[in-house]
Amino acid sequence: MSSECRLPLFADCKEVDDSIKCPGDSGYSVIPLFGKRVRVRKDSAPIRLMGCLDELSNIANNARLNFSNNDAGKIAAIVMALSMQLNAYLVQGTDERLAKVRSVEELLMTKVAELCRGFKGPLGWIIASTPELQALDTIRVKLRECGRVASSMLDEYELSANLISVLNHADKLVAQAMYCMGGRVFRSVDDAVNYLLSETTK
């Protein structure tokens, strides 16, 4: 490697001859998972879930920064905190960490309950009607995706059941918030489709 331009190495990467070698270059990674060190393929469910939670954190942070002065930003901040705690639980697998996960989950439930107090609007197919609601819908979709990845781990990793329940609950809470914040609701998918198509003829 040229001495004229040297990039800092990650702590677990090594310079060998004229190239950089890092863990995972072989297609496998050794990671902490529920308190144990395991060797898994880089496309395995645990790796994909860690990546999904990282993406969730990134999406939530973007919404938090863009809508910091309203309820969408507050919900996004809580979801970001939840994704970080879930990733930590995925690594540690301890009851202490799970309690912290549940604490943030409870905070999200409290926030949505406050937001939806007295809500008597219609339920059905919902379409985001503002940038704030679209940001929440993007968070909801990522929560659901992470939940599906966690479900694929259930047979091999029993503790993933805790991840599944939290992600599933959070998904539904964020969806509920969309209703209470004024998302456009339709009685059927056909009504929603007709509404969307009608906008193309204006």
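What comes next is a walk through the structure. (Residues numbered from 1 in each chain as written. Predicted model: local features only at pLDDT ≥ 70, side-chain atom pairs only at ≥ 80, totals over all residues. Heavy atoms only, no water.)

### Remarks on the pattern of salt bridges
Moving on, step 1. Tallied over the entire structure, the rule returns seven salt bridges.
Moving on, step 2. When the shortest N-O distance is used, the salt bridge between Arg41 and Asp43 registers 2.9 Å.
Moving on, step 3. Given the relative accessible area of 46%, Arg41 is considered partly exposed.
Moving on, step 4. For Asp43, a relative accessible area of 43% corresponds to the partly exposed category. (Salt bridge = Lys/Arg side-chain N within 4 Å of Asp/Glu carboxyl O. Buried < 20%, exposed > 50% of the residue type's maximum accessible area, 1.4 Å probe, protein only.)

### Details of a nonpolar patch on the surface
Moving on, step 1. Together, Trp125, Val189, Val193 and Leu197 line one region of the surface with nonpolar side chains, adding up to about 370 Å² of accessible area.
Moving on, step 2. Here the element with the most residues in the nonpolar patch is helix H6 (residues 189–198); it accounts for three residues. (Patch = residues over 30% accessible without salt bridge, like charges linked within 9 Å, V, L, I, M, F, W, Y side chains within 5 Å. Areas by Shrake-Rupley, 256 points an atom, 1.4 Å probe, with all protein chains shown as cover. Helix = DSSP H or I, 4+ residues; strand = E, 2+ residues; numbered from the N terminus.)

### Digging into helix H2 (residues 71–92)
Think of an α-helix as turning once every 3.6 residues; residues three or four places apart then point the same way.
Moving on, step 1. With 22 residues, H2 should cover 32 Å at 1.5 Å per step; its first-to-last C-alpha distance of 31 Å lies within 8% of that length.
Moving on, step 2. Where H2 begins, the side chain of Asn70 points an oxygen toward the backbone nitrogen of Ala72, at a separation of 3.1 Å.
Moving on, step 3. Looking one or two places after H2, you find Gly93, whose phi comes out positive at around 65°. (Expected span 1.5 Å × (residues − 1). Polar contact = N/O pair within 3.5 Å; in protein donor to acceptor, adjacent residues only side chain to side chain.)

### Considerations on the packing of H2 against helix H5 (residues 160–180)
Moving on, step 1. The N-to-C vectors of H2 and H5 enclose an angle of 170°; their axes lie 11 Å apart at closest approach. With respect to H5, the element H2 is oriented roughly antiparallel. Contacts between H2 and H5 involve Ile75, Val79, Leu82, Leu86, Tyr89 and Leu90 from the former and Asn162, Leu163, Val166, Leu167, Ala170, Val174 and Ala177 from the latter.
Moving on, step 2. The residue makeup of the contact of H2 with H5, split by class, is 12 nonpolar, one polar and no charged. (Axes fitted to C-alpha atoms, helices over the stretch in contact; angles between N-to-C directions. Parallel < 35°, antiparallel > 145°, perpendicular 65-115°, else oblique. Contact = heavy atoms within 4.5 Å. Nonpolar A, V, L, I, M, F, W, Y, C, P; charged D, E, K, R; others polar.)

### Some remarks on the side chain of Arg97
Moving on, step 1. With respect to the helices and strands, the residue Arg97 is situated in helix H3 (residues 95–115).
Moving on, step 2. The buried charged residue Arg97 lacks any salt bridge partner; its closest oppositely charged side chain belongs to Glu96, at an N-O distance of 6.8 Å.
Moving on, step 3. Once residues lying within four places of it in the same chain are set aside, the contact partners of Arg97 are Gln85, Ala88, Tyr89 and Gln92. (Lys, Arg positive; Asp, Glu negative; His and termini not counted.)

### Let's talk about unusual backbone geometry
Moving on, step 1. Of note in this structure, Phe34 is not a glycine but carries a positive phi near 50°.
Moving on, step 2. When you line up the elements, Phe34 lands in the loop between strand S3 (28–33) and strand S4 (36–41).

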